[in-house]
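Here is what each chain is made of, one letter per residue.
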Amino acid sequence: MNKRTLISRVAGVLVLFGTALFVMAANVQAQVAPIIIPLSQPGKPMTLDFNMLSAKLEVIGEARNDVSVEVSGGESKRRIITPSGSKPINAASYQLKAYEDGNDVVVRSSWNSSAPRVVVRLPRDAGLRVRLTNNSTMLIRDVRGDMDLKNVNGPITVRGAAGAVIAESVNQDVKIGWATVGDFGASSLLTVNGDLELGLPPSAGAEVHIDTSRGDIVSDYDIEVMPAKANVTRSKQGSGTEIRVDKVIVGRIKGGGPTFLMKTLNGDISIRDSSE
């Protein structure tokens, strides 16, 4: 039977219970002590599912057997109005909940008044699913597992990846750098209004699918451009049928390898040497 632990933190007071993990903090101005989440199966692969409305998020892969979550309060623009006048509220407010079950760690925030800085430290052999929405940044370093990342109105930066990465923004840049490229699934870098940067080590081969409507394409590596055919897909939409036609530039680097899709509407696309 998997062990689950319940931790409740309210205004800096730590209380231990006995089933899931719950963390709540409120009115935080300075950095508080990190929350340590033990894993049910230390030394084995884990997953992190992180979902927060607004955050300055950094996820760091390290040589460790637990998960650490550090939160620093962001700035608050709220005011309190009293008979004596209006006063600013300097402390930020947020609520954070987390639990672990069978090496699957889930972190949620139902609301927050600002974008607190959140630093998550976890084992390198981890898979990630991260969702951010407003006024957020996402930086991930030295995590080896597959990643599913979405930051609607903020940038995404990954350094030292070693698995498949699905990364999507709407209004910011997406930059993904791989430390090693192996036999993993297809990766994609998507945005609407932003630049895309794909970083590959010098020894890596790759097949790239590139599409930008208004931007330049720059590569540190020679690309063998392949003949490309339009991809036509049909799907039922109510009583009718939707037909979609996609045609992108397809190229091979050093004979080919894993597939990387890069697509932006308003932005440049670059392929860089990640060792530099």
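The preceding data block contains the structure.
Figured I'd write up the structure that's included with this text. Treat the numbers as computed from the prediction; the structure is a model and nothing was measured.

Thresholds, definitions, all that
- Residues numbered from 1 in each chain as written.
- Predicted model: local features only at pLDDT ≥ 70, side-chain atom pairs only at ≥ 80, totals over all residues.
- Heavy atoms only, no water.
- Helix = DSSP H or I, 4+ residues; strand = E, 2+ residues; numbered from the N terminus.
- Buried < 20%, exposed > 50% of the residue type's maximum accessible area, 1.4 Å probe, protein only.
- Contact = heavy atoms within 4.5 Å.
- Areas by Shrake-Rupley, 256 points an atom, 1.4 Å probe, with all protein chains shown as cover.
- Salt bridge = Lys/Arg side-chain N within 4 Å of Asp/Glu carboxyl O.
- Pairing = 2+ DSSP bridges.
- Axes fitted to C-alpha atoms, helices over the stretch in contact; angles between N-to-C directions.
- Phe/Tyr/Trp six-rings, centres within 6.5 Å; stacked < 30°, edge-to-face > 60°.
- Patch = residues over 30% accessible without salt bridge, like charges linked within 9 Å, V, L, I, M, F, W, Y side chains within 5 Å.

Moving on, we get to the overall build of the protein chain. Helix and strand content of the protein chain: zero helices and 27 strands. For the protein chain, the residues scored as buried account for 41% of the 276 residues in total. Long-range contacts, defined here as pairs at least 24 residues apart, represent 56% of the contacts in the protein chain between residues at least 6 apart. As displayed, the protein chain offers around 14,100 Å² of accessible surface, 50% of which is attributable to carbon and sulfur atoms.

Further remarks concern the pattern of salt bridges. The full count for this structure, using the stated rule, is eleven salt bridges. Here Glu 62 ties to Arg 64 by a salt bridge, and the two come within 3.0 Å at their closest N and O atoms. Residue classification places Arg 64 among the partly exposed positions, given a relative accessible area of 22%. The shortest N-O distance in the salt bridge between Arg 272 and Asp 220 comes to 3.3 Å. Linking Arg 272 in strand 27 (residues 269-273) with Asp 220 in the loop between strand 21 (217-219) and strand 22 (224-226), this pair joins segments that are 52 residues apart in sequence. You can call Arg 272 partly exposed: its relative accessible area is 31%. Judged by relative accessible area, Asp 220 falls into the partly exposed class, the value being 40%. Look at the salt bridges and you will find they share partners, linking Glu 62, Arg 64, Asp 66, Glu 70 and Arg 121 into a network.

The phi torsion at Asp 142 lies on the positive side, around 60°, for a residue other than glycine. Of note, Asp 142 is situated in the loop between strand 13 (137-141) and strand 14 (147-151). Residue classification places Asp 142 among the partly exposed residues on the basis of a relative accessible area of 35%. Positive phi values are uncommon outside glycine, yet Lys 254 reaches one of about 55°. In this fold, Lys 254 is placed in the loop between strand 25 (249-253) and strand 26 (259-266).

As a further point, take the sheet that holds strand 17 (residues 174-178). Pairing within the open sheet is mixed, and its ten strands lie in the order 3-6-11-5-13-15-17-19-27-21. Sheet topology places strand 3 (35-38) and strand 21 at the edges, where each strand pairs with a single neighbour. Each adjacent strand pair in this sheet contributes to an overall mean axis angle of 10°, direction not counted. Sheet topology places strand 21 next to strand 27; three bridges connect them, and they run parallel. Paired with Ile 217 across the two strands is Ile 269, which belongs to strand 27.

Our next topic: the packing of aromatic side chains. Under the definition given, this model contains two aromatic pairs. Measuring from ring centre to ring centre gives 6.4 Å for Phe 184 and Phe 260, while their planes differ by 85°; the resulting arrangement is edge-to-face. Placement of the pair is Phe 184 in the loop between strand 17 and strand 18 (187-190) and Phe 260 in strand 26, with a sequence separation of 76 residues. An identical accessibility class is assigned to Phe 184 and Phe 260; each is buried.

What follows concerns a nonpolar patch on the surface. A contiguous nonpolar patch, built from Ile 217, Val 225 and Ile 249 and spanning about 260 Å² of accessible area, is present on the exposed surface. Within the secondary structure layout, Ile 217 lies in strand 21. Residue Ile 217 is classed as partly exposed on the basis of its relative accessible area of 39%.

Next up on the list: the side chain of Thr 264. Along the polypeptide, Thr 264 turns up in strand 26. On the basis of relative accessibility, which here comes to 4%, the residue Thr 264 falls in the buried class. The residues contacting Thr 264, other than those within four sequence positions of it, are Thr 191, Val 192, Gly 194, Leu 196, Asp 211, Thr 212, Ser 213 and Ile 269.

What follows is about the sheet that holds strand 10 (residues 104-108). In sheet architecture, strand pairing relies on hydrogen bonds along the backbone and comes in two forms, parallel and antiparallel. As summarised here, the arrangement of the eleven strands in space is 9-10-4-12-14-16-18-26-20-25-22, forming an open sheet in which the pairing is mixed. A single partner strand is all that each edge strand has here, and the edge strands are strand 9 (97-101) and strand 22. Sheet twist, expressed as the average angle between the axes of neighbouring strands with direction ignored, equals 15°. Bridge analysis of strand 16 (residues 165-169) against strand 18 gives three bridges, and the strand direction is parallel. Counterpart to Glu 168 in the pairing with strand 18 is Leu 190.

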